[in-house]
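Structural features, examined
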Amino acid sequence: GDSVTQMEGPVTLSEEAFLTINCTYTATGYPSLFWYVQYPGEGLQLLLKATKADDKGSNKGFEATYRKETTSFHLEKGSVQVSDSAVYFCALGTQGAQKLVFGQGTRLTINP
Amino acid sequence: GAVVSQHPSWVICKSGTSVKIECRSLDFQATTMFWYRQFPKQSLMLMATSNEGSKATYEQGVEKDKFLINHASLTLSTLTVTSAHPEDSSFYICSARSAGNGGYTFGSGTRLTVV
């Protein structure tokens, strides 16, 4: 079945460091890929998405490129801030199936 | 942008009582609503999918008689935890899929504590 595997956390970085959170997927067909962010005590917010191969999603300095050949959608940010501390979830949505499939989440902590 | 209002944000109830959680799509029609459960420091576990006007589809292992889902209109879905027990304590999150653009919008979650 469809699945998403994320880099295990927690991840702790200093402010202004470069961030990569790895995400790979297994799916039939051509899924859409998403990154969601969850701040403490809150629901999920869509951070960015890509709907087809080679698409790059970007938002708030975060980027991820849909790589079909490596079945990956790694999240990157060039210079993280303390306010980026949150849990990040990679997810996929497949054609025909309405539900999203989530990775296990990666907790990110940024220290000043 | 699309907004889903989820209430209450937190609730404490006694063991054996029932609790209702509401999710409303405020500015769009949601043909499909999803209910998730999230344990501390874990990912979201899909409990059920509901389409407006029809019965919910529950994931394997989820007790449909315990977690009652109603999706009576295109803007409202409810999850009722019946005869709650301490092991039902968790963070419950709803998500609505727009009929228009197919996007997913999440509620802010409900922290349920059963004492």
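Before reading further, recall that the structure is shown in the block above.
So, a few notes on the structure that sits alongside this text. Computed from a predicted structure; not experimentally measured.

Comments concerning the overall build of chain B
The helix and strand tally for chain B stands at zero helices and eleven strands. Scanning chain B from its N terminus toward the C terminus, one meets helices and strands in the order β-β-β-β-β-β-β-β-β-β-β. Taking 115 residues into account, the globule formula puts the C-alpha radius of gyration at 13 Å, and chain B, at 13 Å, falls close to it. Once the C-alpha set of chain B is aligned to its principal axes, its extents read approximately 40 × 25 × 20 Å. The 115 residues of chain B split such that 48% are buried. Sequence-distant contacts in chain B: of pairs separated by 6 or more residues, those separated by 24 or more amount to 54%. In the form shown here, chain B has an accessible surface area of approximately 5,600 Å², with 52% of it arising from carbon and sulfur atoms. Charged side chains of chain B number 10 positive and 8 negative; the gap between the two group centres comes to 4 Å.

Overview of the overall build of chain A
Each helix and strand in chain A was counted, giving zero helices and twelve strands. Taking 2.2 N^0.38 as the reference for a compact globule, 112 residues should give roughly 13 Å; the C-alpha atoms of chain A span a radius of gyration of 13 Å, in line with that estimate. Expressed along its principal axes, the backbone C-alpha trace of chain A runs to roughly 45 × 30 × 20 Å. Contacts in chain A between residues far apart in sequence, at least 24 positions, make up 57% of those at least 6 positions apart. For chain A, the exposed area adds up to about 5,400 Å²; of that, 47% sits on carbon and sulfur atoms.

What to know about the nonpolar core
Core analysis: the largest hydrophobic core is formed by 25 residues, its most contacted members being Trp35, Leu48, Phe73, Leu75 and Tyr88 of chain A. Mapped by element, the contributors of at least two residues to this core are strand S3 (19-21), strand S4 (23-26), strand S5 (32-38), strand S6 (44-50), strand S8 (62-65), strand S10 (86-93) and strand S12 (106-111) of chain A. Here Leu48 of chain A is in contact with Leu33, Phe34, Trp35, Gly57, Ser58, Asn59, Phe62, Glu63, Ala64, Phe73 and Leu75 of chain A, once residues within four sequence places are set aside. Counting 24 residues, the second-largest nonpolar core is a separate cluster that includes Cys23, Trp35, Met47 and Leu112 of chain B.

Remarks on the interface of chain B and chain A
Contacts between the two partners involve 19 residues from chain B, matched on the other side by 16 residues from chain A. Summed over both partners, the interface of chain B with chain A buries about 1,400 Å², with 55% contributed by carbon and sulfur atoms. A per-residue breakdown of the area chain B buries against chain A is headed by Ser43, Tyr104 and Phe106 of chain B, which together make up 37% of the total. Our count for the chain B to chain A interface comes out at one salt bridge. Put simply, Lys99 of chain A and Glu59 of chain B hold a salt bridge, and the shortest N to O gap is 3.2 Å. The tally of links from chain B across to chain A stands at four residue pairs in polar contact (both at pLDDT 80 or more). Top contributing element to the side of chain B that touches chain A by residue count: strand S4 (residues 30-38) of chain B, with four residues. In terms of residue class, the side of chain B that touches chain A is built from eight nonpolar, eight polar and three charged.

Here is what the cut-offs are and how they apply
Residues numbered from 1 in each chain as written. Chains lettered and ligands numbered in written order. Predicted model: local features only at pLDDT ≥ 70, side-chain atom pairs only at ≥ 80, totals over all residues. Heavy atoms only, no water. Helix = DSSP H or I, 4+ residues; strand = E, 2+ residues; numbered from the N terminus. Rg over C-alpha atoms; globule rule 2.2 N^0.38 Å. Buried < 20%, exposed > 50% of the residue type's maximum accessible area, 1.4 Å probe, protein only. Contact = heavy atoms within 4.5 Å. Areas by Shrake-Rupley, 256 points an atom, 1.4 Å probe, with all protein chains shown as cover. Lys, Arg positive; Asp, Glu negative; His and termini not counted. Charge placed at Lys NZ, Arg CZ, Asp CG, Glu CD. Core = buried A, V, L, I, M, F, W, Y, C linked by side-chain atoms within 4.5 Å. Buried area = accessible area lost by both parts, 1.4 Å probe. Salt bridge = Lys/Arg side-chain N within 4 Å of Asp/Glu carboxyl O. Polar contact = N/O pair within 3.5 Å; in protein donor to acceptor, adjacent residues only side chain to side chain. Nonpolar A, V, L, I, M, F, W, Y, C, P; charged D, E, K, R; others polar.

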